[in-house]
Amino acid sequence: MRNKKRIVWGSIAAVILILFIAFRFYQAIQADLKQDKEHAVAVALQETRMEQVNRVEPFIGDKPYMVVYGLSDREEEMIVWVNEDEVLTKFGREGVDLETVRDKTAAKNPQLQILRVSAGKLQDVLVWEVFYKQKEEEGERHYYDYYRFTDGELLDTYRMTGP
C-alpha cells in the first residue's frame, strides 16, 4: 500500500514538473517572437513612411522575415518585410491584394479551406503565401500556394506529405 502511494505521488510530481518545464519553454519561445515582432514594428515605423501598424506576422522562407502590415502617413496600405539584412517596403497599389490571391486559390476548388494568407519572400521574389487544406480520397491534405506579389501569378504549389 505504501509503495502504491509513493508511485502515485511520484507520478503526480513528475507530471507537474514536465508541465512546468513545457510551460516555461513555451513562454521563452513566445517572448522571443514578441521581441522580434516589436523590433520589426520599430524598424518599419522608423525607416519607412508607415505610421499605423495593423498586424505583424513571421514568414519563414529562404530567410526569416517579420512582415509588418499597416498604413502610411497618407493612409495608403503598406507592407514592410524586415529581416536582419534588409528592409523592403511596398504599397498595396504596387501589387495584388490579399483578397485577390485568396479568391484565386478558392477558385481552384470551392471546398478547400484557406487557413492563412501572408506576404513573404522566396528566392528574391516578393510573394503571397496561401496555406490551405482540402479533402482528398486519402483524407485531408495541406498545401502552400505562392503567388507573385506584383501581378498575382501563381509561382508554385507545395503539397505536404500524407494526411
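Use the structure listed above.
Residues numbered from 1 in each chain as written. Predicted model: local features only at pLDDT ≥ 70, side-chain atom pairs only at ≥ 80, totals over all residues. Heavy atoms only, no water.

Caption draft 1: Main features of a nonpolar patch on the surface. A cluster of nonpolar side chains, contributed by V8, W9, I12 and I16, occupies part of the molecular surface with about 420 Å² of accessible area. On the secondary structure map, I12 appears in helix α1 (residues 2-47). (Patch = residues over 30% accessible without salt bridge, like charges linked within 9 Å, V, L, I, M, F, W, Y side chains within 5 Å. Areas by Shrake-Rupley, 256 points an atom, 1.4 Å probe, with all protein chains shown as cover. Salt bridge = Lys/Arg side-chain N within 4 Å of Asp/Glu carboxyl O. Helix = DSSP H or I, 4+ residues; strand = E, 2+ residues; numbered from the N terminus.)

Caption draft 2: Inspection of the nonpolar core at higher detail. Of all hydrophobic cores here, the largest spans 25 residues; its most connected members are V67, I79, W81 and W128. Counting only elements with at least two residues in this core, the list comes to β2 (64-72), β3 (77-82), α2 (98-108), β5 (113-122), β6 (125-136) and β7 (139-148). Beyond its immediate sequence surroundings of up to four residues, W81 is in contact with Y65, M66, V67, E86, V87, L88, K90, A119, G120, K121, L126 and F149. (Core = buried A, V, L, I, M, F, W, Y, C linked by side-chain atoms within 4.5 Å. Buried < 20%, exposed > 50% of the residue type's maximum accessible area, 1.4 Å probe, protein only. Contact = heavy atoms within 4.5 Å.)

Caption draft 3: View of α1. Look at α1: 67 Å from first C-alpha to last across 46 residues, which is about the 68 Å you get at 1.5 Å a residue. Among all positions in α1, only A40, V41, V43 and A44 are buried. Residues of α1 that are buried sit in contact with β1 (50-60), β2, β3 and β4 (87-91). (Expected span 1.5 Å × (residues − 1).)

Caption draft 4: Structural view of the side chain of R141. With respect to the element layout, R141 can be found in strand β7. Classification of R141 by relative accessible area gives buried; the value is 8%. For R141, the side chain forms a polar contact with the main-chain oxygen of M160, separated by 2.8 Å. (Polar contact = N/O pair within 3.5 Å; in protein donor to acceptor, adjacent residues only side chain to side chain.)

Caption draft 5: Examining α2 more closely. Restricting attention to buried positions, one finds in α2 the residues L98, V101 and T105. The arc that holds every buried residue of α2, seen down its axis, measures 75°, which confines them to one face. Contacts made by the buried residues of α2 are with β1, β5, β6 and β7. (Arc of directions from axis to C-beta.)

Caption draft 6: The arrangement of the sheet that holds β5 in detail. Ordered by their spatial adjacency, four strands build an open sheet running β5-β6-β7-β8, and the pairing between neighbours is antiparallel. Here the strands that pair on one side only, and so sit at the sheet edges, are β5 and β8 (154-159). Between one strand axis and the next, the sheet turns by 20° as a mean value, whatever way the strands run. Sheet analysis places β7 next to β8, joined by five bridges and oriented antiparallel. When the bridges of β8 are listed, Y147 appears paired with L154. (Pairing = 2+ DSSP bridges. Axes fitted to C-alpha atoms, helices over the stretch in contact; angles between N-to-C directions.)

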